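Single-letter residue listing:
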Amino acid sequence: MPQDSFDFAVEDFGSFIDRWSAFKLQPGQTPSCQNVVIEPKRIYKRNGSAKLNSTVIDTNPITGVGTYYNKAGTVKKLVAGSGTSVYEWDGATFNAIKTALTAGGLPRFATLADLLIYVNGKDAPRKWDGTTEALLAGSPPTASMLCVHYGRLFLNSTTNPSRVHWSGAGNPQTWGANDYDDFNPDDNDSVTYIDSHHGQLLVGKGRSLHALQGTDPNDFIPLETYDPVHGIVGPLAVAEIEGIVYFWSNDGLYRFNGISTREVTGAPEGQESVISNFISNINQVYRSGIALTAWKNKLWCAVPYSTSTTNNRILVYDPQHDLFYPFVGLNASCFVRHAPTAAFNLYFGDATTGTIWQADTSTNDGSTAIDAWWQSADIDLEQAESLKAWR
């Protein structure tokens, strides 16, 4: 006769794994969950999110977020793009910095020489000093991404898809005619990402990963290829945690330690990822909008899931414990860390409305309760015929 009742403890919790059915998993692993944080010794509902602006910026979704801090530390601004305008947050409302930009642009921001500089892939680069907005001087190329590296502003080129330009030292308004390098220009591919990592300029293309090494044009060493196969899907698809660069490639999440790359969502050679169903349900047509951020030593990957054309899921990866778990209800088009006072907060732009949200705060998502659940593995305890009850 089966025993009426007995105690069984799940002492260690494991990753979300959707590759196998529930009966193949170990106790503590889950074939399905949402909106829970998984740690080795516990699971709990994630924190909520709160609207920064109660009134939408405009009728369009948020397409970019950034920050502007001046050298004196007296100005700390969160900035955002929506529709054909760029805005700054004054602590109470969003005010337009620039309107009537070209439609379809995706604003990206950087700060150098006390200037907020932004590009959108459509218009010439522009600047804002906290008061006055204007074109960036020096005739820089029209670009869709930018970064600061060793005191210079770096831009890609919308007319030369394999080219990266750099400005004068400490002066983003000086551009030499020959101050650029081309990265595999004959590969029929485009630069998708540039930023400073491991003391070098990391340059991602759609199907490869490169770097510009050196600290000055006199010793720049271009065209170092770290991965000839796996590139970066878009300009927001990279984040760094404790010296490891994580990036989303065409077939999943990868890591780069400054020397070589390795797949994170993958498995031993010849096998599928442990979250292969989740990966296969990402809408590959819109993968260029995937956005990553690092928050509290966890990696948040905002992706377009199923038939969605915008990011509607967040896959969280805990590199310390090698755990995955998904969040829903957070439609993040882009992320930014911002310290309006002393502590940094995490903010994200809404992919469907003109709203900026503060993440990881409160108990609800605005006025919406968080639907959180976790499904256990099938645990028969060698008595499959007995009904089990969780307590």
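Higher on the page you've got the structure.
Small disclaimer: the values here were computed from a predicted structure and weren't measured.

Draft legend 1. Representation of the sheet that holds strand β26 (residues 298-303) in the model. Pairing is antiparallel across the open sheet formed by 4 strands, whose spatial order is β25-β26-β27-β28. Across the chains shown, the open sheet's two edge strands, defined by having one partner strand only, are β25 (291-295) and β28 (323-328). Here the average twist between neighbouring strands, direction ignored, is 25 degrees. Relative to β28, strand β27 (residues 313-318) runs antiparallel, the two being bridged by 6 bridges. Residue pairing for β28: I314 is matched across the bridge by F327.

Draft legend 2. The packing of aromatic side chains, seen in detail. Applying the stated criterion across every chain yields a total of 18 aromatic pairs. On the basis of an interplanar angle of 50 degrees and a centroid distance of 5.8 Å, the ring pair of Y325 and F327 is categorised as tilted. In this structure F327 comes out as buried when scored by relative accessible area, which is 3%. Among the aromatic residues, those joined into a cluster by ring pairs are W300, Y325, F327, F335, F348 and W357. Positioned above the aromatic ring of F344, the side-chain terminus of R337 is 4.9 Å from the ring centre.

Draft legend 3. Here's a closer look at unusual backbone geometry. In the Ramachandran plot, N184 falls in the positive-phi region, its phi being about 45 degrees despite a non-glycine side chain. In the Ramachandran plot, D360 falls in the positive-phi region, its phi being about 55 degrees despite a non-glycine side chain. Summarising the element assignment, D360 is placed in the loop between β31 (356-358) and β32 (373-374).

Draft legend 4. A look at the pairing of β25. Burial analysis of β25 places 5 of its 5 residues in the buried class, the great majority of the element. Burial along β25 is two-sided: the residues A291, T293 and W295 and L292 and A294 are all buried. Pairing geometry for β25 and β26, over 5 bridges, is antiparallel. When the sheet's bridge partners are listed, W295 is paired in β26 with K298. Hairpin connection of β25 to β26: 2 residues between the antiparallel strands, including K296 at a positive phi of 55 degrees.

Draft legend 5. Looking closely at the pattern of salt bridges. Following the criterion strictly, the structure yields 10 salt bridges and no others. The salt bridge partner of E39 is R42, with a shortest N-O separation of 2.9 Å. When the shortest N-O distance is used, the salt bridge between R163 and D182 registers 2.7 Å. With R163 in strand β15 (residues 163-166) and D182 in strand β16 (residues 180-182), this pair connects stretches of sequence that are 19 residues apart.

Conventions used here
- The residue count restarts for each chain, going from 1 along the sequence in the order it is written.
- Local features in this predicted model are restricted to residues whose pLDDT is 70 or higher, and side-chain atom pairs enter the listing and the counts only when it is 80 or higher, whereas totals over whole chains, interfaces and linings include all residues.
- Calculated side-chain values reflect all of the structure's heavy atoms, with hydrogen atoms and water omitted.
- Paired strands, in this sense, are two strands between which DSSP finds at least two bridges.
- Runs of H or I in DSSP of at least four residues are treated as helices and runs of E of at least two as strands, each being numbered from the N terminus.
- Axes here mean lines fitted to C-alpha atoms, for a helix over just the part in contact, with angles spanning 0 to 180 degrees between N-to-C directions.
- Working definition: rings of Phe, Tyr and Trp (its six-membered ring) pair if their centres are within 6.5 Å, and the pair is stacked with planes under 30 degrees apart, edge-to-face with planes over 60 apart, and tilted otherwise.
- When accessible area is computed with a 1.4 Å probe and restricted to protein chains, residues below 20% of their type maximum are described as buried, those above 50% as exposed, and intermediate ones as partly exposed.
- Look at NZ for Lys and CZ for Arg. If either is within 6 Å of the ring centre and within 35 degrees of the ring normal, a charge sits over the ring.
- We define a salt bridge as a side-chain nitrogen of Lys or Arg found within 4 Å of a carboxyl oxygen belonging to Asp or Glu.

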